[in-house]
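Chain and residue survey
Chain residues, written in single-letter form:
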Amino acid sequence: MEIKTRYTWTDITKEFKESTSTLGLGDILKDGCFSLYDAMAAIELMDPKMDAGMLCNKELCKVGSIDEAIQSGLVHPSPSLADIIGISDELMSCIATWLEGHSLAQTVLTCLHLHNIPNITSAPLSAICNAVLKICELTNHIVSSAACYEEEDFLTCTYGFDISPQPSSTKVILNLKDCEDDINKKLKRNEKVNEEELAILSRLKFWKYFVLVLTKIQRFEHSNMDALKSDISTLFHSLAPVQRTLPLGTQPVVTTSDSGQKNENNDGI
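Residues numbered from 1 in each chain as written. Predicted model: local features only at pLDDT ≥ 70, side-chain atom pairs only at ≥ 80, totals over all residues. Heavy atoms only, no water.

1. What about the overall build of the protein chain?
- Looking only at helices and strands, the protein chain features ten helices and two strands.
- Taken from the N to the C terminus, the helices and strands of the protein chain come in the order α-α-α-α-α-α-α-α-α-α-β-β.
- Going through the 269 residues of the protein chain one by one, you find that 36% of them count as buried.
- For the protein chain, the share of sequence-separated contacts (at least 6 apart) that also reach a separation of at least 24 residues comes to 70%. (Helix = DSSP H or I, 4+ residues; strand = E, 2+ residues; numbered from the N terminus. Buried < 20%, exposed > 50% of the residue type's maximum accessible area, 1.4 Å probe, protein only. Contact = heavy atoms within 4.5 Å.)

2. As for helix α5 (residues 81-99)
- Between its first and last C-alpha, α5 extends 27 Å over 19 residues, near the 27 Å set by a 1.5 Å rise per residue.
- With its phi angle positive at about 120°, Gly101 sits one or two positions after the end of α5. (Expected span 1.5 Å × (residues − 1).)

3. Some words on a negative patch on the surface
- There is a patch of like negative charges on the surface, built from Asp38, Glu150, Glu151 and Asp153.
- As for its placement among the helices and strands, Glu150 is situated in the loop between α6 (123-146) and α7 (169-188).
- The partly exposed category is assigned to Glu150, whose relative accessible area is 46%. (Patch = residues over 30% accessible without salt bridge, like charges linked within 9 Å, V, L, I, M, F, W, Y side chains within 5 Å. Areas by Shrake-Rupley, 256 points an atom, 1.4 Å probe, with all protein chains shown as cover. Salt bridge = Lys/Arg side-chain N within 4 Å of Asp/Glu carboxyl O. Lys, Arg positive; Asp, Glu negative; His and termini not counted. Charge placed at Lys NZ, Arg CZ, Asp CG, Glu CD.)

4. Structural notes on the pattern of salt bridges
- Under the criterion given, the structure shown has seven salt bridges.
- Residue Lys134 pairs with Glu137 through a salt bridge whose shortest N-O separation is 2.9 Å. Taken together, the residues span about one helical turn, with Lys134 and Glu137 both in helix α6 at a distance of three residues.
- Judged by relative accessible area, Glu137 falls into the partly exposed class, the value being 23%.
- Between Asp181 and Lys177 there is a salt bridge, with the nearest N and O atoms lying 3.3 Å from each other. Here Lys177 and Asp181 lie together in helix α7, a separation of four residues that amounts to about one turn.
- Exposure remark for Asp181: the relative accessible area of 24% places this residue in the partly exposed category.
- The exposure class of Lys177 is partly exposed, given its relative accessible area of 38%.

5. Considerations on the packing of aromatic side chains
- Within this structure, the stated rule accounts for four aromatic pairs.
- Where Trp98 meets Phe154, the ring centres are 5.1 Å apart and the plane angle is 45°; that geometry is what we call tilted. Of this pair, Trp98 sits in helix α5 while Phe154 sits in the loop between α6 and α7; the two residues are 56 residues apart in sequence, bridging distant segments of the chain. You'll find Trp98 and Phe154 in the same group, each marked buried. (Phe/Tyr/Trp six-rings, centres within 6.5 Å; stacked < 30°, edge-to-face > 60°.)

Structure below.
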């Protein structure tokens with residue numbers, strides 16, 4: 001059977017070297033459809049810490065879905081209080097990394113629970129996950145509307161993932177408040193509340209005010225500036241108890257690939 005050639009390569013090495021020899025230090029020649037982000041990504045190729053396509057990184061990725069994670073034991077169907085704290089803290093870190101210019105796909109959306117919110121059995125975790133998606137949605141809308149960013153500073157691309165959860169901002173805030181009230185009722189009844197529940201309480205308050213502040217910024221009204229400033233101050237001060245209780249959460253497991261590359265394995269989130 002004769003194999004037909006489906007491609008024709010043309011060697012342009014000589015022409016390429018001649019063309020590049022005329023470029024000065026720091027000069028770049030690019031096509032109109034080649035963005036600054038593409039240029040930065042190309043510079044980072046073959047760097048194990050930045051190039052997600054490298055084989056050594058793929059060795060560390062053991063699961064591809066929430067079902068696989070549950071079957072492998074990395075994710076428990078009913079997360080413990082420590083797991084909820086750890087997931088919440090990791091999501092805070094992911095949002096901060098996204099806001100620094102990284103992509104949603106490699107930061108926030110690496111959390112498997114965000115892809116499986118309807119099946120989450122824990123009310124606090126479900127409320128937190130909906131809050132995270134709402135924060136991403138509001139932030140994307142605010143920054144895009146302001147049009148005050150460079151493409152290498154903030155990435156609005158969602159890679160086909162719907163970051164707009166069904167609940168409205170009001171519903172998301174109410175769900176977080178309901179979870180807060182459940183713990184506060186135990187405190188008022190002088191029931192035993194462990195330090196992990198108090199840590200979750202502080203995180204629920206943080207996420208609640210985070211969504212509230214962004215919602216008010218989106219609906220910006222000069223008459224509500226004082227209330228907005230007060231909410232921002234409350235949001236800022238709600239971080240203190242979160243920072244104090246970081247050790248209570250489930251911590252990422254450091255793994256090493258066959259090539260010797262170390263990585264914090266967060267598959268459990």
